[in-house]
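Take a look at the letters that make up each chain.
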Amino acid sequence: MAVIVKKLQESPGRTTLLYAALSIIIGSSIGLLTIGLNNPFLILLLTGGLVVMVATVVSVEIGLLLFVFLTYTRFSDNAIDFYNAPSVAKFFVGLLIIAILIRWAILGERPTGWQVPAIILVFYGLIGFFSLMYATNTESVINTLSNYVKDALIALVIIVLLKRAPTFRHVIWTLLAAGIFLGALSVFQYLTGTFDNSYGGFARAELRGIAGDDSGYRLTGPIGDPNFFAQIMIVLIPIALERMMHESKLILKILAGVAGALSLLTVVFTFSRGGFVAAAVALVIFFLVYPPRPLYLIIIIGLGIAVFSFIPTSYYDRILTLQGFLPDASGRIDIRTDNSIQGRASQNLTAWNIFTQYPLVGIGLDNFEVRYPEFSKEIGLAPSASNKSLHNLYFEVATETGILGLSVFLLLIGLSIRSILNARNAFFAVPELHEYAHLATGLIIGFAGYLFAALFIHAAFPRYFYLLVGIAFSMPAIVEHAKNMLKPSFIKA
C-alpha cells in the first residue's frame, strides 16, 4: 500500500485520472443497476463488487484476501445453489482482472511471473481440447474445459496479485480464517445433531454408510461430498500447527490452535478413510520436520486428547474397515469384504486397463465415468455396472489424457512444489526471513496432504488445487520482495 501511495504522490496527474475513472465507473454502474434491476439483493451484491474493485485497485491485498476466502468457502456456489444468485466467482475474477489492467495502465504495474505457469496451463488445456476429436462423450469434455478455463484464470490472477511477503502471510491467515469458519459451523452441526440445517450451504451433511450395515451422518461442508471436504480441511491442519508454533502473539497462537483442532475434527466427522490416511501422512511429515519441544508437545497432546474425546466409536469402526487392504493369516487380501473397497479396486484396475490400451492421449477428458461399465467387465470386480468416477486423481488424468496429459500435469505439480521449497530455502538462508520460511513449510506440508488425499478421489472440485498452485507459483516474487524489504533504500522509501 505504501508503494502505491508513493507512486500516486509522485504522479498527481495519474492520481487524478485514476480517481476520475473510478468515479465514472462506480457512478454510472450503480445508476444502471438501479434502473435495470428490481432485485435489491443483486443490486447490493453488484454494488459491493464495485466497491471491492475500487479497494483492489487502491490496495490489491484487500481484493486478493477476500477472493481467497470466498474461493475456499465456495461462497459463489452456495449463493447460486441456495439463493439463485448470479456467479459471484465469475464477477469477482472479472473485477480482479479489470483491477490488474487499471493498475498496469495507470500506475505502470506490469503483471509479471505468470508467463511460465500460463504456458503449462494452456498446453494442458489444449490436450483436453483435442480430446474432443476422439472422446465418446464430448459434452463432458466441453463442460470440464469450461470449468478448467475458470480455474486456470484463478491461478493466474493469484500469481499476478500475490507479490508481497506480508501479503503471503495474510493469505495463510485467510486460509485459516476460512478453516475456522467452515470448521466451527461443521463441528457445531455434528455435535448438536442439526443435520437438517445447512447453515447457508456452508455446513451440509448426508446420511451414508459407515461400516457394514451401519449408517450415519457424514459432514460434506460447502462441497456436498465428505471425501472432498476432508481433502480441503487437511491442507489447513499443518498450516495451523505451524502458526501455533511460530506466531509471536499469544492470541494468534490460540487462533491457530483452534483452526487446527476444528480442521482435524471436521476431517474426522466426514468419516473419510482417505482423509484419515492423508491427514496421518501430513501429520507425520509435519512432526518429522518440526519435532515438538516439551512445551509444545504438552500442548499438542492436550489438543489431541480434547479432539479424541469428541470422536464417536463409529469412526473407529469406519477406519478399521481399512483392514480389507491387509493380508489375512493365509497371506490373502480379500477386498470383497467391503463394497466401497471393492469398487475402488475395480476402478483402479479398470483405469490401468484403459491406460494400457490408450497410453498416449487417453479416452478423452472427463470420459472415464461413461466408459467405466464397458471396461470394468474385463476386470470382473465392479459391485455394479453403473457409471462410476475414478477415485484416483493421477489415474484419472492418465486414463483421460494419456502420457501426454499426465506428464504436463505432473510437471505443474513438480514446479509448484519446487517453487515452494526453493522459497523455503531462500527464506531460511536469511535469519530475518525465517518467519516466512516457516510459513512456506506449513504450506508445502498442507499441499502434500492435499496431493496424497488425491490418491483416493478424483478431480470433481479442482478449484482448490489451482488456488494452491497459484500461491505456489507466487513464491519467487514473494522471496524477491522479502529480500528487498531488508534493503536500506526500501526501508527509507
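In what follows, the structure referred to is the one given above.
What this report covers is the structure whose coordinates are included nearby.

Calculation notes
- Residues numbered from 1 in each chain as written.
- Predicted model: local features only at pLDDT ≥ 70, side-chain atom pairs only at ≥ 80, totals over all residues.
- Heavy atoms only, no water.
- Helix = DSSP H or I, 4+ residues; strand = E, 2+ residues; numbered from the N terminus.
- Contact = heavy atoms within 4.5 Å.
- Areas by Shrake-Rupley, 256 points an atom, 1.4 Å probe, with all protein chains shown as cover.
- Axes fitted to C-alpha atoms, helices over the stretch in contact; angles between N-to-C directions.
- Parallel < 35°, antiparallel > 145°, perpendicular 65-115°, else oblique.
- Nonpolar A, V, L, I, M, F, W, Y, C, P; charged D, E, K, R; others polar.
- Core = buried A, V, L, I, M, F, W, Y, C linked by side-chain atoms within 4.5 Å.
- Buried < 20%, exposed > 50% of the residue type's maximum accessible area, 1.4 Å probe, protein only.
- Polar contact = N/O pair within 3.5 Å; in protein donor to acceptor, adjacent residues only side chain to side chain.
- Left-handed = near helix turned anticlockwise from the far one by under 90°.
- Pairing = 2+ DSSP bridges.
- Expected span 1.5 Å × (residues − 1).
- Salt bridge = Lys/Arg side-chain N within 4 Å of Asp/Glu carboxyl O.

**A closer look at the overall build of the protein**
Secondary structure summary: the protein contains 21 helices and two strands in total. Long-range contacts, defined here as pairs at least 24 residues apart, represent 72% of the contacts in the protein between residues at least 6 apart. By element, 68% of the accessible surface of the protein is carried by carbon and sulfur atoms, the whole surface being about 22100 Å².

**Structural notes on the packing of helix H7 (residues 115-130) against helix H8 (residues 138-161)**
Axis separation between H7 and H8 bottoms out at 10 Å; the angle between their running directions is 180°. Put simply, H7 runs roughly antiparallel to H8. Only Val141, Leu145, Tyr148, Ala152, Ala155, Leu156 and Ile159 of H8 make contact with H7, whose side of the interface consists of Pro117, Ala118, Leu121, Tyr124, Gly125, Gly128 and Phe129. A breakdown of the residues in the contact of H7 with H8 according to their chemical character gives twelve nonpolar, two polar and no charged.

**A short note on the nonpolar core**
In this structure, Tyr72, Phe168, Phe427 and Phe465 are the most contacted members of the largest nonpolar core, which totals 126 residues. Look past the residues within four positions of Phe168 in its chain and what remains in contact with it is Leu162, Tyr436, Leu439, Ala440, Leu443, Ile471, Met475 and Ile478. Listed in part, the seven residues of the second largest apolar core include Ile363, Phe368, Tyr372 and Leu390.

**Quick notes on the side chain of Thr399**
Counting through the fold element by element, Thr399 comes out in helix H17 (residues 393-428). At 3.1 Å, the side chain of Thr399 and the backbone oxygen of Glu396 are in polar contact. Contact partners of Thr399, with chain neighbours within four places excluded, come to Ala351, Ile354, Phe355, Gly362, Ile363, Phe368 and Leu390.

**Let's talk about the packing of helix H6 (residues 88-107) against H8**
Between H6 and H8, whose axes approach to 11 Å, the crossing angle comes to 40°. With respect to the hand of their crossing, H6 and H8 are arranged in left-handed fashion. Along the contact surface, H6 presents Lys90, Val93, Leu96, Ile97 and Ile100, while H8 presents Lys150, Leu153, Ile154, Val157, Val160 and Leu161. Grouping the amino acids of the contact of H6 with H8 by side-chain chemistry returns nine nonpolar, no polar and two charged.

**Quick notes on the pairing of strand S2 (residues 214-219)**
Sheet analysis places strand S1 (residues 205-211) next to S2, joined by six bridges and oriented antiparallel. When the sheet's bridge partners are listed, Glu206 is paired in S2 with Arg218. Connecting the antiparallel pair S1 and S2 is a turn made up of two residues, with Gly212 showing a positive phi of about 60°.

**Description of H7**
Here H7 contains 16 residues, and its C-alpha end-to-end distance of 22 Å stays within 8% of the 22 Å for a straight helix at 1.5 Å per residue. The inward-facing, buried residues of H7 contact H8, H17 and helix H19 (463-473).

**Considering unusual backbone geometry**
Only a minority of non-glycine residues have a phi that is not negative, and only a minority of peptide bonds are not trans. Positive phi values are uncommon outside glycine, yet Tyr199 reaches one of about 50°. Within the secondary structure layout, Tyr199 lies in the loop between helix H9 (165-192) and S1.

**What to know about the environment of Thr350**
Here Thr350 shows up in helix H15 (residues 339-357). Overall, the relative accessible area of 0% leaves Thr350 in the buried class. For the pair Thr350 and Pro373, spaced 23 residues apart in the sequence, the C-alpha separation amounts to 9.4 Å. Discounting chain neighbours no more than four positions away, the residues touching Thr350 are Phe368, Tyr372, Phe375, Ser376 and Ile379.

**Points about the pattern of salt bridges**
Where charged atoms from two side chains of opposite charge approach closely, those side chains can pair. Scanning the entire structure with this criterion turns up ten salt bridges. We note a salt bridge from Asp151 to Arg463, for which the minimum N-O separation is 2.7 Å. With a gap of 312 residues between them, Asp151 in helix H8 and Arg463 in helix H19 connect regions that are remote in the sequence. Ionic pairing is found between Glu374 and Arg371, a salt bridge with its closest N-O pair at 2.9 Å. Highlighted residues: Glu374 and Arg371, both in helix H16 (residues 368-376), separated by three residues, approximately one helical turn. When its relative accessible area of 10% is taken as the criterion, Arg371 is described as buried. Three or more residues joined by partner-sharing salt bridges are found here, namely Arg169, Glu242, Arg243, Glu247 and Glu435.

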